Each structure stands twice: as structure tokens, then as C-alpha cells.
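# Geometric and topological summary
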Amino acid sequence: MFNSTSYYYGYHPSPAVWGFYGVYSIIAIIGMWRVFEKAGKPGWAAIIPIYNAIVLLEVVGKPWWWLLLVLIPCANLIFLIIGWIWINNLLSKSFGQGVGFTLGLMFLGFIFLPILGFGNYTYLGPGGTPIVFGAGDYEKPFGVN
């Protein structure tokens, strides 16, 4: 019940907080857009909420049904923490980077995603396994002449 003598002490973020969050989000989306394009996926997928997670799982080489694990009660918190670390590690390995870059993606993702997207990094394949062209050639299955 609200009357003239009661006070509401709810939290209302200031416009500066909303502005910082907006800039943070735009930088992260632009970085993820470029990362998707480097991996051969559509860049616009970075702005679609659930589809961007599916595309990110494709980029790092994990199945889409990993998202369903988030719906399991009690296990979802464990999966979110471990999956977040694992996916960031696989993303950095997919571009030939190590543990330091993984930590950067985890804690300063809005800085490291544009570095990954606009930097001189090439996509090696899911989880860092290089793409080998011609490996399925039936005439030379092992590349021997």
C-alpha cells in the first residue's frame, strides 16, 4: 500500500550508468560481430539473443544442445560457470591464443572481443584445430603423391 507518508527506496540507475552499459554493449556486439565474420558465420547473429549463443557454440565446436543444460535445475549454475570458462578457452584457442587471452575474454570481454575481431588473428577452426583442406580426398587420403 502506498500513501503520502511512505517512501520508496528502490534502486533506479542513473543515466550515466545506462550510458556506460549502452557503450559497453555496443562495443561487445561489434567485437562479437567481427569474431563471427572471421569464423565464417553471419555477423548479424551477434545481435539475436539465443541464436548468438548457438553460433558461438558452433564457432568453438560444441553442440547446440549445450544450451539445454541451462534449463536443468541446480545443474544450470554449475554448467554456466564451467561452460563459460570452457567456451571462452575454446574461443581463444580457436584463434590461436592461450590462457592469458582466455582470462582477458572472461574478465574484460568487451575489450578482448574487439581485439580478437579487429586484430590480426585468424580463425584456425573449432577449438584451435586447423582446417585441413583436401583431407577427404579419396584419391590421396593422406596427402601422399
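Throughout, residues of each chain are indexed from 1 in the direction in which the sequence is written. Side-chain atom pairs in this predicted model are given and counted only at pLDDT of 80 or more, local residue features only at pLDDT of at least 70, and totals for whole chains, interfaces and linings cover all residues. Processing note: side-chain calculations cover all non-hydrogen atoms of the structure and skip hydrogens and water entirely.

## Thoughts on the overall build of the protein
Selection criterion: Numbered from the N terminus, helices here are DSSP runs of H or I no shorter than four residues, and strands are runs of E no shorter than two. In this scheme, a residue with accessible area under 20% of its type's maximum is buried, one over 50% is exposed, and one in between is partly exposed, where area comes from a 1.4 Å probe on protein chains only. Every residue pair with non-hydrogen atoms within 4.5 Å of one another is taken to be in contact. Per-residue and other accessible areas follow the Shrake-Rupley method at a 1.4 Å probe size, with only the shown protein chains counted as cover for residues.
Regarding its fold elements, the protein presents five helices and zero strands. Counting only residues that meet the buried cut, the protein has 26% of its 145 residues in that class. Expressed as a percentage of contacts within the protein between residues at least 6 apart in sequence, the contacts between residues at least 24 apart total 47%. Working note: accessible area of the protein is about 10,100 Å², and carbon and sulfur atoms make up 72% of it.

## Considerations on the nonpolar core
Worth spelling out the cut-off: Within this scheme, the nonpolar core is defined by two criteria: the residues are buried Ala, Val, Leu, Ile, Met, Phe, Trp, Tyr or Cys, and they are joined through side-chain atoms within 4.5 Å.
By size, the foremost hydrophobic cluster in this structure holds 23 residues, and its most contacted members are Phe36, Val59 and Leu91. Elements that contribute at least two residues to this core include exactly helix 1 (15-38), helix 2 (49-60), helix 3 (75-94), helix 4 (99-107) and helix 5 (109-118). Per element, the largest residue contribution to this core is five residues, and it comes from helix 2. Those residues in contact with Phe36 that lie beyond four places of it in its chain are Lys41, Pro42, Gly43, Ala45, Ala46, Asn52, Val55, Leu56 and Val59.

## Digging into the packing of helix 4 against helix 5
Our working rule: Every angle, taken between N-to-C directions, lies between 0 and 180 degrees, and every axis is a line fitted to C-alpha atoms, over only the stretch in contact when it is a helix. Working definition: roughly parallel below 35 degrees, roughly antiparallel above 145 degrees, roughly perpendicular at 65 to 115 degrees, and oblique for all remaining angles.
Following both chains from N to C, one finds helix 4 and helix 5 inclined at 125°, their axes separated by 6 Å at the closest point. As summarised for this structure, helix 4 and helix 5 are arranged oblique, according to the angle between their axes. Across from Phe101, Gly104, Leu105 and Phe107 in helix 4, the residues of helix 5 making contact are Gly109, Phe112, Leu113, Ile115 and Leu116.

## Thoughts on the pattern of salt bridges
Any two side chains of opposite charge can pair, given that their charged atoms come close. How we decide: Within this document, salt bridges are pairs made up of a side-chain nitrogen of Lys or Arg and a carboxyl oxygen of Asp or Glu, the two lying within 4 Å of each other.
Inspection of the entire model under this criterion finds two salt bridges. As a salt-bridge pair, Lys41 and Glu58 come within 3.2 Å of each other at their nearest N and O atoms. Taken together, the residues span a long stretch of sequence, with Lys41 in the loop between helix 1 and helix 2 and Glu58 in helix 2 at a distance of 17 residues. Given a relative accessible area of 27%, Lys41 falls into the partly exposed group.

## Points about helix 3
Heads up, the rule is: To estimate the expected span of a helix, count its residues, drop one, and scale the result by 1.5 Å.
In a regular helix each residue adds 1.5 Å, so 20 residues correspond to 28 Å; helix 3 covers 27 Å between its end C-alpha atoms and thus fits that length. Here helix 3 has its buried residues at Phe79, Gly83, Ile87, Asn88, Leu90, Leu91, Ser92 and Ser94. Looking at the buried residues of helix 3, the elements they touch are helix 1, helix 2, helix 4 and helix 5. Just beyond helix 3, the residue with positive phi is Gly96, at close to 80°.

## A look at the confidence of the model for the protein
Cut-off, in case you're wondering: Confidence scores here are pLDDT values: one per residue, from the predictor, ranging 0 to 100.
This prediction gives the protein a mean pLDDT of 85; 82% of its residues lie at or above 70. Within the protein, the lowest mean pLDDT, 91, falls on helix 3, and the highest, 94, falls on helix 4.

## Some details on the packing of aromatic side chains
This is how it is decided: Two aromatic rings, drawn from Phe, Tyr or Trp (for Trp, its six-membered ring), form a pair once their centres lie within 6.5 Å of each other, and the interplanar angle then sorts them: stacked below 30 degrees, edge-to-face above 60, tilted otherwise.
On inspection of all chains with the given rule, the structure shows ten aromatic pairs. Ring centres of Trp66 and Phe79 lie 5.5 Å apart, and the angle between their planes is 85°; on these two criteria the pair is classed as edge-to-face. Pair noted here: Trp66 is in the loop between helix 2 and helix 3 and Phe79 is in helix 3, with a separation of 13 residues, a long-range link. For Trp66, a relative accessible area of 9% gives the class buried. Note on Phe79: relative accessible area 18%, which makes it buried. Of the aromatic side chains, those joined through ring pairs into one cluster are Trp18, Tyr21, Tyr24 and Phe110.

## Brief notes about the environment of Tyr51
By the element assignment, Tyr51 lies in helix 2. Accessibility expressed as a relative area gives 31% for Tyr51, which makes it partly exposed. Taking the C-alpha atoms as reference, Tyr51 lies 9.8 Å from Trp64; in sequence the two are 13 residues apart. The contact partners of Tyr51, leaving out residues within four places of it in the chain, are Pro42, Trp44 and Ala45.

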